[in-house]
Amino acid sequence: MNTLIDLPEEYRLGQDDIDLQHAVLYSLINMVESGLETNDQSNFEMILGSFVSYTYLHFRHEEGRMNQDSYSDYEMHLREHANFEDRAKHYSNALKEDQSESAKKQVLTDMHHFLLDWLGNHINRIDRELFSKEAQYL
Ligand SMILES: [Fe+2]
């Protein structure tokens, strides 16, 4: 099992609180990958629960650090977070409707794609831009 300190250098933004929380996301990706590789779905509920909890805690924290007065992409960034949270709810709802092994595997596969895309596109582009200029964050 990978640990929190395994967040690769390329995804670190130089903000300890944010990097630690992003490491949680990265660990989640590793858990999803192990679940897919071993076809072991015993941790499925925990992974999905972590996904939902992560979105809530991390986004509220990160949004609290955005300086609305000088960060011109503030609204766009909030919308991106809201889209992520909608996706997390979508996965939870999909599983309430269908608890089969195949449905779980499909959700794990979708989550894997979504999280990898988020890592590259959101963290490495939008979050990095936010924390690149001191005036944009608190
Ligand atoms: Fe963000």
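Scoring rules and cut-offs
Residues numbered from 1 in each chain as written. Predicted model: local features only at pLDDT ≥ 70, side-chain atom pairs only at ≥ 80, totals over all residues. Core = buried A, V, L, I, M, F, W, Y, C linked by C-beta atoms within 7 Å. Buried ≥ 20, exposed ≤ 12 C-beta atoms within 10 Å, placed from the backbone. Helix = DSSP H or I, 4+ residues; strand = E, 2+ residues; numbered from the N terminus. Contact = placed C-beta atoms within 7 Å. Axes fitted to C-alpha atoms, helices over the stretch in contact; angles between N-to-C directions. Parallel < 35°, antiparallel > 145°, perpendicular 65-115°, else oblique. Nonpolar A, V, L, I, M, F, W, Y, C, P; charged D, E, K, R; others polar.

Things to note about the nonpolar core
Part 1: Judged by nonpolar contacts, the single largest core of 13 residues is most densely connected at Val32, Leu108, Met111 and Leu115.
Part 2: Elements that contribute at least two residues to this core include exactly α1 (16-38), α2 (44-64) and α4 (101-130).
Part 3: Per element, the largest residue contribution to this core is 6 residues, and it comes from α4.
Part 4: Here Leu115 is in contact with Leu25, Leu28, Ile29 and Val32, once residues within four sequence places are set aside.

Notes on the packing of helix α3 (residues 74-97) against α4
When two helices pack together, you describe them by how their axes are tilted relative to each other and by the distance separating the axes.
Part 1: The contact between α3 and α4 brings their axes to 11 Å, and the two run at 170°. The orientation of α3 with respect to α4, classified from their angle, is roughly antiparallel. Listed contacts from α4 to His77, Glu80, Phe84, Arg87, Tyr91, Ala94 and Leu95 of α3 are Ala103, Lys104, Val107, Met111, Phe114, Trp118, His122, Ile126 and Leu130.
Part 2: When grouped by side-chain class, the residues that make up the contact of α3 with α4 number 11 nonpolar, 2 polar and 3 charged.

Section: the environment of Leu36
Part 1: Inspection of the secondary structure assignment puts Leu36 in helix α1.
Part 2: Each C-alpha atom, one on Leu36 and one on Gln106, is 9.7 Å from the other, the two residues being 70 residues apart in sequence.
Part 3: If we skip the residues at most four places from it in the chain, Leu36 touches Leu108, Thr109 and His112.

None of the figures reported here should be taken as evidence of function without further support.
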